[in-house]
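Spelled out, the chains give:
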Amino acid sequence: MGGGLRRLDVLDRIRLGLLAAGLLCAATGLLPLTAAEESLARVAPLLLFLVAVIVLAELAREAQVFDVVATRLAIVGRGSYPALFLLCSAFASLVTIFLNLDTTAVLLTPVMVALARRAGIRPLPLAVTTVWLANTASLVLPVSNLTNLLAMNRFALDARGFAARMWAPGLTSIAVTMVFLWVFFWRRAERGGERYRPPAAVSVADRLLFTAAVAVCVVFAAAILAGVRIEIAALGAATAVVAAFAWRDRSKLGWSLIPWRLPVFVTGLFLVVPTLARLGLADVMRAVIGVDGGASGACRAAAAGAGLSSMVNNLPAYVAAEQVIPPADGTRLLSLLVGVNIGPVVTPWGSLATLLWFEWCRRREVPVPIGRFVVTGTGLAVAALAATVGVLLLTA
């Protein structure tokens, strides 16, 4: 046991410590059992969705879906950096929208960096494209981000209603991000070179498995848009792709596919934050966010969400802040959501996706200048927040 604990990294110990603290809160009565049950009942179906969709994305990667699509985009770009920029931005945005921001940051980043090296492109522009759009493109559908799922649940919106309300602000956030990406990372002075070398097509190891994974991803996206409950759609898609691998390549199936860290972290969070709210956190958050409605209240909620996310991580920031916004105040709640989804581009710990992205880049020796990341991210956060909240208010 002691050896197992020593093998855990710092983040894993924090996650387990948070869960232990949450269970202690419930066991000691700091958080009444009824309140604990209500909190966990709210998040349980969302965790089922997230676990299932991460399994789906991981196996889609194993089936070479991401490799094939990314390489095909580079081939279609024909050596033109502007074309490659548009294609990669669209790809990262779509993966974020339909398969969750963690998929883009954790699974798509290695694909993009490998593509950059095969095509003789500097890896940083492609890597930053994935992490920025993982966060800022995560406003369009509920499945894009756990914060969206929580807001949808509190605001009593279904998937279609959420998409109808957020597609215009979401596309605005993506557009502003693309402007910043081009100016600070993709223009000639930053990327180096006038043209890139289109890579050779990827050789698919198992064409049947690849086709099955693509089909499952397409059906999953269609089910979400059709209004199927997200956890049912994700569970069905994950089951189908697991069955395909059990048929064709069982070596890729194992317990390591199950992302235990996320349920541990979120479960602990949903026990600790309600406890802290009872001990005075709610009063602090009310003072930070205010009680005013209208445009000024929406802007304040968005700014508070972005600021808190950049300081403490977007998920605890959202969970703590949503408690002081009435569910009937939909515009202010969605403005908070805009803030906690865009704010994580400022600091390495702003979201779990950003944190995992930084760790991957460090291990794979992709240099990320931290000062440049923070400065450009701050500029992006301010510009995207202003534009996106503006569109949210105009389309209310």
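Residues numbered from 1 in each chain as written. Predicted model: local features only at pLDDT ≥ 70, side-chain atom pairs only at ≥ 80, totals over all residues. Heavy atoms only, no water.

## Things to note about helix α15 (residues 314–322)
Moving on, step 1. Of all nine residues in α15, nine are buried; the element is thus mostly enclosed.
Moving on, step 2. Of all the positions in α15, only N314, L315, P316, A317, Y318, V319, A320, A321 and E322 are classed as buried.
Moving on, step 3. Residues of α15 that are buried in the fold lie against α3 (33–62), α8 (146–155), α13 (261–289), α14 (294–312), α16 (330–342) and α17 (352–363).
Moving on, step 4. Sitting at the amino-terminal end of α15 is N313, which places a side-chain oxygen 3.1 Å from the backbone nitrogen of L315. (Buried < 20%, exposed > 50% of the residue type's maximum accessible area, 1.4 Å probe, protein only. Helix = DSSP H or I, 4+ residues; strand = E, 2+ residues; numbered from the N terminus. Contact = heavy atoms within 4.5 Å. Polar contact = N/O pair within 3.5 Å; in protein donor to acceptor, adjacent residues only side chain to side chain.)

## Examining the nonpolar core
Moving on, step 1. Ranked by size, the top nonpolar core spans 133 residues in total, and within it F49, W132, F220, V266 and W357 carry the most contacts.
Moving on, step 2. For this core, the element with the most residues is α3, which contributes 13 residues.
Moving on, step 3. Residue contacts for W357: discarding those within four places in its chain leaves A105, T109, A127, V128, T130, V131, V368 and F373. (Core = buried A, V, L, I, M, F, W, Y, C linked by side-chain atoms within 4.5 Å.)

## Re unusual backbone geometry
Moving on, step 1. Positive phi is not limited to glycine here, since N100 has a value of about 85 degrees.
Moving on, step 2. Counting through the fold element by element, N100 comes out in the loop between α5 (81–99) and α6 (101–118).
Moving on, step 3. For N100, a relative accessible area of 0% translates into the label buried.

## Some remarks on the environment of D102
Moving on, step 1. In this fold, D102 is placed in helix α6.
Moving on, step 2. In this structure D102 comes out as buried when scored by relative accessible area, which is 13%.
Moving on, step 3. A C-alpha to C-alpha distance of 5.0 Å links D102 and A353, two positions 251 residues apart in sequence.
Moving on, step 4. The contacts of D102, once residues within four sequence positions are left out, are L107, L352 and A353.

## Some thoughts on a nonpolar patch on the surface
Moving on, step 1. Taken together, the side chains of V10, L11 and I14 define a hydrophobic patch exposed on the protein surface, amounting to about 260 Å² of accessible area.
Moving on, step 2. Within the secondary structure, I14 sits in helix α2 (residues 10–28). (Patch = residues over 30% accessible without salt bridge, like charges linked within 9 Å, V, L, I, M, F, W, Y side chains within 5 Å. Areas by Shrake-Rupley, 256 points an atom, 1.4 Å probe, with all protein chains shown as cover. Salt bridge = Lys/Arg side-chain N within 4 Å of Asp/Glu carboxyl O.)

## Comments concerning the confidence of the model for the chain
Moving on, step 1. On average, residues of the chain carry a pLDDT of 88, and 98% of them reach 70 or more.
Moving on, step 2. Element-level pLDDT for the chain is lowest in helix α1 (residues 2–7), with a mean of 52, against a maximum mean of 96 in helix α18 (residues 370–394). (pLDDT = per-residue confidence, 0-100.)

## So, the packing of aromatic side chains
Moving on, step 1. Counted according to the given criterion, the structure contains eight aromatic pairs.
Moving on, step 2. Between Y81 and Y196, the ring centres sit 5.5 Å apart and the planes meet at 65 degrees, which makes this aromatic pair edge-to-face. Here Y81 is found in helix α5, whereas its partner Y196 is found in the loop between α10 (188–191) and α11 (207–225), with 115 residues between them in sequence. Like Y81, the residue Y196 is buried in the burial classification.
Moving on, step 3. Pairing W357 with F373 gives two aromatic rings, centres 5.9 Å apart and planes at 25 degrees, and the pair type is stacked. (Phe/Tyr/Trp six-rings, centres within 6.5 Å; stacked < 30°, edge-to-face > 60°.)

## Describing the UniProt feature "domain: Citrate transporter-like" (unreviewed entry) in the chain
Moving on, step 1. Here the UniProt feature "domain: Citrate transporter-like" (unreviewed entry) sits at residues 13–320.
Moving on, step 2. In the segment residues 13–320, helix accounts for 80% and strand for 0%; the C-alpha atoms at its two ends are 22 Å apart. (UniProt positions renumbered as here; feature names shortened; annotations may be inferred.)

## Brief notes about the packing of α3 against α8
Think of two packed helices as two axes; the pair is described by the angle between the axes and how far apart they sit.
Moving on, step 1. Their axes nearest at 11 Å, the elements α3 and α8 cross at an angle of 145 degrees. Taken as a pair, α3 and α8 cross one another with a handedness that is right-handed. Mapping the contact onto sequence places R42, L46, F49 and L50 in α3 and L146, L149, L150, N153 and R154 in α8.
Moving on, step 2. Class assignment for the residues of the contact of α3 with α8 results in six nonpolar, one polar and two charged. (Axes fitted to C-alpha atoms, helices over the stretch in contact; angles between N-to-C directions. Left-handed = near helix turned anticlockwise from the far one by under 90°. Nonpolar A, V, L, I, M, F, W, Y, C, P; charged D, E, K, R; others polar.)

## Side note on the side chain of R15
Moving on, step 1. In this structure, R15 sits in helix α2.
Moving on, step 2. The class of R15 is buried, set by a relative accessible area of 7%.
Moving on, step 3. Other than its neighbours up to four places away in sequence, R15 contacts R261, V264, F265, L352 and L356.

## Here we look at the packing of α13 against α14
Moving on, step 1. Where α13 meets α14, the axes come as close as 9 Å, and the angle between the chain directions of the two elements is 120 degrees. One finds that α13 runs oblique with respect to α14. On α14, the residues touching M285, A287, V288 and I289 of α13 are R300, A301, A304 and L308.
Moving on, step 2. Among the residues forming the contact of α13 with α14, the class breakdown is seven nonpolar, no polar and one charged. (Parallel < 35°, antiparallel > 145°, perpendicular 65-115°, else oblique.)

## Examining the pattern of salt bridges
Moving on, step 1. Here the structure, examined in full by the defined rule, presents nine salt bridges.
Moving on, step 2. For the salt bridge of R61 with E58, the shortest nitrogen-to-oxygen distance reads 2.4 Å. Residue R61 and its partner E58 are located together in helix α3, separated by three residues, close to a single helical turn.
Moving on, step 3. What makes R61 partly exposed here is its relative accessible area of 28%.
Moving on, step 4. Residue E194 is joined to R188 by a salt bridge in which the shortest nitrogen-to-oxygen separation is 2.7 Å.

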